[in-house]
Structures are given as structure tokens and as C-alpha cells.
Amino acid sequence: MPYVCLLQEGISNLPSQIDKAHRNNYSVVAVPLNCVDMPLEFQREPMKEKQTDFTYSDLVLTADYWNGKIITLLSDTIDCDSQDEEVRKNSVEILKRDISWTEHLQYGGYTMMKLKQRNNLNLATVLTNKSKGIMLLQVPLYNRAVAQATCRRDLSEDEVLALETEDSWHWWNHFRRAADFNPKLKVVLEFNEGERPDLNVICRWLGEPVEAIILPSTMFIRNRHNFPVLPKAWQEVLKLFIQAHANLMVSTDTDDGSLKMYTDYLINFRETFKDSHGLQSYEDVLEIPLQPLYDNLDCYTYEIFEKDPVKYKLYQDAIEAALKDRVKEEEINDKLTIIMVLGAGRGPLVRSALNAAKNTNRKVRVYIIEKNPNAIRTLTAIAKKLWHNNDVHIFSKDMREFSPPEQADILVSELLGSFGDNELSPECLDCAQKLLKPDGISIPCKSVSFINPIMSSKLYNSVRQVVRRETFTREKQSTYHTHAESGFVVLLKNIYNIDKTKALFEFVHPNREAVIDNSRYKVLKFEVDLDCVLTGIAGYFECVLYNDIIMSINPPTHTIGMPSWFPMYFPFSEPMDIKKGQTIEIHFWRCVSKQQIWYEWCLASPYTTHIHNLGGRSSPIYCT
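Anyway, here's the lowdown on the structure attached to this text. (Residues numbered from 1 in each chain as written. Predicted model: local features only at pLDDT ≥ 70, side-chain atom pairs only at ≥ 80, totals over all residues. Heavy atoms only, no water.)

A few points about the overall build of the protein
Tallying secondary structure elements over the protein gives 17 helices and 26 strands in all. Buried residues in the protein amount to 54% of all 624 residues. Within the protein, contacts between residues at least 6 apart in sequence are counted, and of these 79% link residues at least 24 apart. Working note: accessible area of the protein is about 28200 Å², and carbon and sulfur atoms make up 51% of it. (Helix = DSSP H or I, 4+ residues; strand = E, 2+ residues; numbered from the N terminus. Buried < 20%, exposed > 50% of the residue type's maximum accessible area, 1.4 Å probe, protein only. Contact = heavy atoms within 4.5 Å. Areas by Shrake-Rupley, 256 points an atom, 1.4 Å probe, with all protein chains shown as cover.)

And the structure:
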């Protein structure tokens, strides 16, 4: 439902309104379930036959229209959590009846209801038990009363903190916790007129399942051509939600003559500012990390990596810089540089090395070491066709066991995973540094992993819904706790970053220490600026290829246009409410044995969790 005209008043001629919507590019019309709101006095009495006067027949539209073109709005005058027992009981009965009616009209359609307060536990019970389709909870971007009160100078600090717990996000958080993070619950965020809230408040909503944004028509202003537009401050806010793929609604009445102009404006706005990276299908999708030491990669995986021109251009730049440093201009004709490409795959790094040699006029001999026999076939075919005039030699060997005819001046590899070391680049390169001359260069020469705590309702629910079989041990169905103790590769989108990233583990190559120990343990602390829900840890890396040539997926230094690596996600088994001003203390381990490597993580403050993936029980990385 990319564009929605939300009609707030009663619908006297629903079919004509649908036809009007089609003519004016509205995808969906949101209509009240009843033609008019039910009078308050009916809520204090048992339901009567007369109440059927306040609805309409399902024959006014066809089933296709009900299912695909309508969002039904449940009345916001009923109060399932009223202090008045009669009102509460009758509200529950009315709501059950209305939900039954909506599901008669729509098979798994969209139903929307307003949240107006924090206490919605009884409402949560009814909705989650009775509703089978997607339930949209309409929530204001911020609680206007609280926002105004917090600006008062006569309030104490404790009073301000108490008011902040009544903001609209807490309404939603209280409700979805009572509903056990039901994945069918989505947020429809209603923008408020006036000054935009703090950017951090807005970003917190980006970690929630925001299905749509409601824009009151009164927020629009007229430009010099007399067309309705949003104020610039609100345009900046709307951009964030458009890039998070939220749908758009305009809240107005049925006789607003500017509906088509609102729609045209929003269509153009979305097309202008939507994400253009073409990776939408991967966003927030959990993927099991690759284990290239244990599994041979297939051609599909190789092809995905090879589509990243930025990465291989950076490698080429690094090799060029290294060649220039090792071979001075006066030595070009006499000095030969030995380059070894470790884990060559289907040869993109070989091409980078040969291009670098050509661009710098340096003489090179390239040794290609690859353990995947299927990739060797491809490399051999490429060498015969494209590299036959170059000094190129192919070896079908594991780099850790390879005995070279001569040592290398430059080792080149792309063994980094989404967390830097999660594909065992330290173990591989440490074993392979016997191939390197004492003064040789490793590209890359350093990698650093980064983490930060995040909130993501979508990822938490995704972990709960993962169904997979263990591939490294005997076939058995894994449990939720197995998933919640596993690291995943995810293109993070629907998240709220609770604090900025901080450096975790660092590895340097070549590693000339007498005793090499790649196990690590570090404690990091993060500050909380807003009340939120901690669901997991995001992981990234930065990598120094050579000198000042850097590749990074760490958000502050992310290399532009490089899609090769998605971030890591390390879940917590249970979501935790975190308060503003608290400190999050995360303990993180990298553990090493002869057969496997694994990560362990836990929270020490403001709560203490168990150590996730203890002993590698859920998510090991195999060395052999």
C-alpha cells in the first residue's frame, strides 16, 4: 500500500470513493468500520440489535476491493481498559464483534486502531487473541501534552523523567510487550503539527515496525505555485522513513479538494529520496555466515562478490602503492616482485594485481593459491584465455599447507568476513605468513571489528522465526535459543542505534609475535540517550589494505558504494527495557580451539544475562 488516502469522516458512498481513489492514484482508502462512531451511551449497555444501524453491508464492495483496497478503522471511542467495569466489558464485546466483522470483510487484511494511552493491556489481549490479519496501531510521533509539560521550568528533574515515561513510544512499547512482540503488530506513526521532535526520538522509531506514516493535511503549506508541500524540517524527517520503506497516508476529510495534489507530491517525494542501492530484498534478512574454510563456495556466491567494483579498485590501488614502494623507478626493468593471491576464488584479485603491475610498469610473477577444486577449473580456463602472456602460476592447495617455489614480496587476500575475523582470516594469514619474505607486505595489513547495541523489533522477531537445520553436526532441529545465540549476517535497516560503534578486536598482518594468540576478550560500555529496548549487538569492521587505503563497513567510515559485506547481528535471547542515562556494559569473547573458533557475548549492565554461545554450542566456526 504505497499511498493511502485516509478518510476520517463517515463514508456515505463507499464505491464512489473507491473509484475516485483509482482516478487519483490512491492505492488504498482507509475507512471507518462503522459509518459513524457509536454513541458513547451504547458503550455502557449490553449490545442491542439497534447497534447494527451503525454499520454497512459487505455488498457495497466486491471481495477483491475489501481485501486489496481497504484498511478498516476500528472505533477509537471504545475503551477496553476503562476503570468503569461496564464500559470495559461492553467495549471488549464491541471490539470482538468488530474484529469478527473485519475478518468477514477481509481475509488477512489490514485493520487499524488508535493507541491513546499507556495502559492498553486488556486491549492487547483482545487484539492478539482475536485478530488474524495485520493489526496497525496508530500512534502519534510524540505525546503533545508531555512535550509541552517537559518545557516547563517549574518541574523538577524527577517530574520531567516521570513525564518522559508517558511519551507515545512508551504507549507502543507497553502494548507490544503485553502482546509478546507479535510480528503481526505494526506501527502507523502519525506526525504531529508544530516543531519536529528531537532527531534521536525520530531515530528510535526507525527501530520499530513502522508500516506507514500519517501526514495530517493541515501540515502541508503552499509553495509559490500554490501547490501543497511539507515544511523543510518535516521533509527531513519524512526522508528517514521513506528510506525505511514506510508507506504514506494523508489524513483529511472526504471533501478535501487537494487530495490529488497531496498524492502527486508524495509520489514525487518518494521517488526522489528512496534508497537506490537495489538491495531491498536483503534488508533485515537473517543469513547464516559463510564458512569458506569448511565449505567450498559456489559460483552464485562468487558472482555476488565479484559485482563489487569498489572493493577491487581499492585492492588494485593498494597493490599499486605497494609495488611503487618496493620497486623504485630505476629498478623497474630489473626487479621482479612475487605476488601471492591467497584464496583467489575466480580471480578478481588476480586481475587487480595484473592491472596494478600494468599501471605501474612493474614486473610481477603471480602465484594463485586456491583450495576449491571447482574454482581451480575456472581459474585455469581464465589463465589460458586471458593471462597466457603473464607470469601466472596456479596451485590447487590450502594456503596453510602450501610450500611455495619461492617466498612472496606481497601477499594479497580477501578473507575478511562481515565482522573482520569471522571467516578466520587471522588463522589463515598467520599460517600463510611463512610464504612471505621477512620484509614482505600483507594486503590487508590490519583489521578492526566494531560493535554497538541496537534495538530492532523486526530482527528480534526474525530470530524467533528462524527455522534451519544444523549442517555441521548430525541432522537435528534447532531451538529458539540456538538461533538467539548465533551470529547472523544482516543488511541492517530497521534498527535504532542506541549508541555509536566502538572498536572491539584488532588483528595485524604479518603477525611477528613469538607466540600467536588469536583469542580475545574485551569489555565495552555504551551510554543510553533514550528509553529503548535492547535486542542485540551490531557488528562491523574496518580494514587497512596498505598505508592509508582503507575499506570499511563501520557506519562512521563506511566505504561508499561497497555492498560486498553486510554487518553482523548478535542477538540477545530476550529483549530488555533500557532507561535513559543507564550504561550498557557488553562483554565479548573470541575463543579458539584446535577444531573451531567461536564468539561469546553477554550483558553485564544494567542487567546481567547468561553468556550467549558458551563453548560454541550454537554457532561455531570450523577450522577444518
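Following the structure, the description resumes.
Looking at the environment of Asn 192
By the element assignment, Asn 192 lies in the loop between strand 6 (185–190) and helix 8 (199–205). Residue classification places Asn 192 among the buried positions, given a relative accessible area of 8%. The spacing of Asn 192 and Pro 216 is 24 residues in sequence and 7.8 Å in space, taken between C-alpha atoms. Within the structure, the side chain of Asn 192 is placed 3.1 Å from the backbone nitrogen of Leu 141, a separation counted as a polar contact. In terms of polar contacts, Asn 192 uses its side chain to reach the backbone carbonyl oxygen of Tyr 142, at 3.1 Å. (Polar contact = N/O pair within 3.5 Å; in protein donor to acceptor, adjacent residues only side chain to side chain.)

A look at the pairing of strand 10 (residues 247–252)
Where burial is concerned, most of strand 10 is hidden: six out of the six residues are buried. Alternating positions in strand 10 separate into two faces, Asn 247, Met 249 and Ser 251 on one and Leu 248, Val 250 and Thr 252 on the other, with burial throughout. Pairing analysis gives five bridges linking strand 7 (residues 210–216) to strand 10, with the strands arranged parallel. The residue bridging Leu 215 from the neighbouring strand is Val 250, located in strand 10. (Pairing = 2+ DSSP bridges.)

Looking at the packing of aromatic side chains
The tally for this structure, following the rule as stated, stands at 22 aromatic pairs. Where Tyr 265 meets Phe 269, the ring centres are 5.9 Å apart and the plane angle is 40°; that geometry is what we call tilted. Placement of both Tyr 265 and Phe 269 in helix 10 (residues 259–273) is noted, with a separation of four residues, approximately one turn of the helix. Residue classification places Phe 269 among the buried residues on the basis of a relative accessible area of 3%. Residues Phe 570 and Tyr 599 carry aromatic rings whose centres are separated by 5.8 Å and whose planes lie at 75° to one another, so their mutual orientation is edge-to-face. Linking Phe 570 in strand 23 (residues 568–578) with Tyr 599 in strand 25 (residues 596–605), this pair joins segments that are 29 residues apart in sequence. Taken as a pair, Phe 570 and Tyr 599 share a single burial class, namely buried. In textbook terms, an aromatic cluster arises when at least three aromatic residues are bridged by ring pairs, as seen for Phe 419, Phe 505, Phe 570, Phe 588, Tyr 599 and Trp 601. (Phe/Tyr/Trp six-rings, centres within 6.5 Å; stacked < 30°, edge-to-face > 60°.)

So, helix 3 (residues 85–105)
Look at helix 3: 30 Å from first C-alpha to last across 21 residues, which is about the 30 Å you get at 1.5 Å a residue. Taken together, the buried positions of helix 3 are Val 87, Asn 90, Ser 91, Val 92, Ile 94, Leu 95, Asp 98, Ile 99, Thr 102 and Leu 105. On the buried face of helix 3, the contacting elements are helix 2 (63–69), strand 3 (70–73), strand 4 (110–114) and helix 4 (121–130). Its side-chain oxygen at 2.9 Å from the backbone nitrogen of Glu 86, Asp 84 defines the N-terminal cap of helix 3. (Expected span 1.5 Å × (residues − 1).)

Some remarks on the nonpolar core
With 103 residues, the main nonpolar core has Leu 95, Leu 127, Phe 191, Ile 213, Leu 238, Phe 241 and Phe 588 as its most contacted residues. If near-sequence neighbours (up to four positions away) are discounted, Leu 238 is found in contact with Phe 191, Ile 213, Leu 215, Leu 230, Leu 248, Leu 266 and Phe 269. Residues Ala 344, Leu 354, Val 366 and Tyr 546 belong to the second largest nonpolar core, which totals 54 residues. (Core = buried A, V, L, I, M, F, W, Y, C linked by side-chain atoms within 4.5 Å.)

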